[in-house]
Amino acid sequence: MSGLTSALEGSTEVPLGIAEKVMEGGTDGIRFKTTDWAVFSLMLVASAIIGLYTAFRNRNWATTHNYLIGGGNMPPLAVALSLMGGWISAISILGNATEVYLYGTQIAVSLLGCVPGVYVVHKIILPIFYNLKIISLNEYLERRYRSTLLRKMSSFVSLLNLGLYMGMCLYAPSLALVTVTNLSTFASMAIMGAVVTFYITIGGVRAVVYTDVLQTLLMFVSVLAVVVLVCVDLGGVGEVWATAGRGGRLEFFNQDLSPYVRHTLWSTFCMGFFLVITSVGLCQTSYQRFAAVSTLKTAQGLLWFFLAGLWCLWIMFFFSGLVAYATYSTCDPLTSGKITKADQIIPFLVIDKLSHIPGISGLFVAAVYSAVLSGLSNKTATFVVKMLSSLTGVVAVALGHLIGNLGNIFNIIFSITTAISGPIAGVFLAGILLPWVNAKSAFSGFVASFCYSMWIVVGKFLRGGGSPPQLTLSMDGCVAPVNVTLGYLTTTIVPKTVDQMETSAYDISYCYNTLIGIAITMLISSLVTLITGPNSPGEVKSELLNPTSERMYRWAWRRCQRRRKNTVALPITSCQGDKEEVGTMLSPVTSNLIPKPLYEVYEA
């Protein structure tokens, strides 16, 4: 028994053939009942009806502006719930719980990092975008750098990142439905992709917002019901916490400074900080929700509502992982072959322990699906946008089916999306915070950062980064013994510590991906600026820059010019004088090297 448990450590999937050789039963006898199908189907129908109703009600003002940001006057509470529901996907419901089940609670510290992340978005990022009254965030790049190439590049990379994320969002709930029905993974994804594409395409952002309200409430109620019911059955929160502690799942303050340790206090805090900046402050879907309210102050208030809701929901998702571990601490369903993927642990928990309650399985699966539903002339432009929405849905289904076999949902999505979002976030932040950076240097910084990030993430998965070593899972309490005759399974595998492994850039924690991507972009952009020449103060409009950064740059520029003049000036007894006197104190050759506009900046 211990040999089998040890052999399966470090893998999140059961080797082919084990499921047929282990305990009889499994989940074959626990399937959706009539009430479950009714509850689940009702959610899908309700989402489609909202899209139809929104499209019919607003048919007379179907402009691109109204389609994408709802006219800019939507109810703040509805938008707040939509912002929270749109950001918290099925990846959170299933992935966060699985992460805690396999690796422990250190990831929960990312919530602390979200607090300063929201502050940065509130004070630095959102005011610039909102006051510009833009619809697409990529429009900012074209106005800031005066480059259509950068805008197109950003659009392409953003679509790639969004496609991968949506694909995993579709793949995640398919695991829940496959666990309780005879549908294939692809069929489940196709159903979900069709519904979400339908109501977004015909209803625009208004359909998204109002559907998110329904789905966010459904997510909260259903997951809370599951956690409370199972927790009570186990003996309460104290018993769950004690069992998790005995299993080594409780960890919050790992202060190891090594960047190669997957989760520490520092890496998870860093992850939470940059996760909010990239996926809320610099995310097109989030910005459309901010732009859907009437004032900047209201939009900034949504951020704090979002933070409070995020804490409530994510803590509940993390705790559901502890509840699942406490339930199966002595008989792991993954190791025993009752499930084939670790991300099925929560759906299995629901049907295993709560299937006797009519409709509860359908309610939970509906909640997981709800987490996914939460993503020229005006007439011609709107038609084009709708076609792009439809195409994106098809692509997302294909990508989800492709990358769903790489490993755990949580590890896959955060490893890939953080690597992609880092470089492009660096271009935006360089535009906002570094007034001297021009288009050529920003493009150079992005290319260098993107190539490095892709090299690292691809190399990590090729070396097995999709299935990092996990904590011990036990089968000692299973009712029937496991009779496995495959010889290779009896080999004891002891995961190596960081000190024992040969570490490289591939082994750096994925929590630092975004930080590294942003840092490389901004650093290379600044270095290339030394070659191509910086923007002078006033060359970039103030509305495109952070006011503090612009003031500091103007001050530094004036000091630099003053020192340059003093360095090249002929001997004088006084530094005072007007512009003409300063010009006569310079040697003829040097005077010609300083353009007149710099004098104007100096005098300003």
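These figures come from a predicted structure and were not determined experimentally.

Undergrad: Mind showing me how you'd approach the overall build of the protein chain here?
TA: A count of helices and strands for the protein chain gives 25 helices and zero strands. Of all 604 residues assigned to the protein chain, the portion counted as buried reaches 55%. Accessible surface, the protein chain as shown: approximately 25,900 Å² in total, 65% of it carbon and sulfur.

Undergrad: Would you mind showing me how to read the environment of Lys338 here?
TA: On the secondary structure map, Lys338 appears in the loop between helix H15 (333-336) and helix H16 (345-353). For Lys338, a relative accessible area of 27% gives the class partly exposed. Separated by 10 residues in sequence, Lys338 and Phe348 have C-alpha atoms that sit 8.6 Å apart.

Undergrad: Where do I start with the packing of aromatic side chains in this structure?
TA: Both the distance between ring centres and the angle between the ring planes are used here to describe each pair of aromatic rings. Counted according to the given criterion, the structure contains 14 aromatic pairs. With centroids separated by 4.9 Å and ring planes inclined at 85°, the aromatic side chains of Phe273 and Phe274 adopt a geometry described as edge-to-face. As far as burial versus exposure is concerned, Phe273 and Phe274 are alike and both buried. Of the aromatic side chains, those joined through ring pairs into one cluster are Phe129, Tyr140, Tyr287 and Phe428. Sitting over the ring of Tyr145, Arg144 keeps its end group 4.7 Å from the ring centre. Over the ring of Tyr103 we find Arg262, and its NZ or CZ is 4.4 Å from the ring centre.

Undergrad: Is there a simple way to explain the packing of helix H12 (residues 265-281) against helix H19 (residues 409-433) in this structure?
TA: The description of two packed helices rests on the angle between their axes and on the distance between the axes. Look at H12 against H19: their axes get within 11 Å of each other, and the N-to-C directions meet at 65°. Where H12 crosses over H19, the two elements pack in a sense that is left-handed. Taking contact as the criterion, the partners of Met271, Leu275 and Thr278 in H12 are, on H19, Phe410, Phe414, Ser421 and Ala425. In terms of residue class, the contact of H12 with H19 is made up of five nonpolar, two polar and no charged.

Undergrad: How do you make sense of unusual backbone geometry when you look at a structure like this?
TA: Apart from glycine, the bulk of residues carry a negative phi angle, and the bulk of peptide bonds sit in the trans form. The residue Lys133 is not glycine, and still its phi comes out positive at about 55°. Assignment of secondary structure puts Lys133 in the loop between helix H7 (110-132) and helix H8 (138-145). Given the relative accessible area of 58%, Lys133 is considered exposed. The residue Arg146 is not glycine, and still its phi comes out positive at about 55°. Structurally, Arg146 can be placed in the loop between H8 and helix H9 (148-180).

Undergrad: What exactly am I supposed to notice about the pattern of salt bridges here?
TA: Close approach of charged atoms lets side chains of opposite charge pair. One pass over the structure, following the stated rule, counts eight salt bridges. For Glu139, the salt bridge identified is with Arg143, shortest N-O distance 3.9 Å. Linking Glu139 with Arg143, this pair stays in helix H8, spanning four residues, or about one helical turn. When its relative accessible area of 25% is taken as the criterion, Glu139 is described as partly exposed. On the accessibility criterion, Arg143 (32% relative accessible area) is partly exposed. For the salt bridge of Arg554 with Glu550, the shortest nitrogen-to-oxygen distance reads 3.8 Å. Here the residue Arg554 and the residue Glu550 both occupy positions in helix H22 (residues 547-568), the gap between them amounting to four residues, near one helical turn. Under the relative-accessibility criterion, Arg554 is labelled partly exposed at 28%. The class for Glu550 is buried, based on a relative accessible area of 12%. Bridged by salt links that share partners, the residues Glu139, Arg143 and Glu543 form one connected network.

Undergrad: Explanation requested: the packing of H12 against helix H21 (residues 513-532) in the structure shown.
TA: For the pair H12 and H21, interaxial distance at closest approach is 8 Å and the crossing angle is 60°. Of the possible angle classes, the one that applies to H12 and H21 is oblique. Seen from H12, the contacting residues are Cys270, Phe274 and Thr278; seen from H21, they are Thr514, Leu515 and Ile518. Taken together, the residues of the contact of H12 with H21 break down into four nonpolar, two polar and no charged.

Cut-offs and rules
- Residues numbered from 1 in each chain as written.
- Predicted model: local features only at pLDDT ≥ 70, side-chain atom pairs only at ≥ 80, totals over all residues.
- Heavy atoms only, no water.
- Helix = DSSP H or I, 4+ residues; strand = E, 2+ residues; numbered from the N terminus.
- Buried < 20%, exposed > 50% of the residue type's maximum accessible area, 1.4 Å probe, protein only.
- Areas by Shrake-Rupley, 256 points an atom, 1.4 Å probe, with all protein chains shown as cover.
- Phe/Tyr/Trp six-rings, centres within 6.5 Å; stacked < 30°, edge-to-face > 60°.
- Lys NZ or Arg CZ within 6 Å of the ring centre and 35° of its normal.
- Axes fitted to C-alpha atoms, helices over the stretch in contact; angles between N-to-C directions.
- Left-handed = near helix turned anticlockwise from the far one by under 90°.
- Contact = heavy atoms within 4.5 Å.
- Nonpolar A, V, L, I, M, F, W, Y, C, P; charged D, E, K, R; others polar.
- Salt bridge = Lys/Arg side-chain N within 4 Å of Asp/Glu carboxyl O.
- Parallel < 35°, antiparallel > 145°, perpendicular 65-115°, else oblique.

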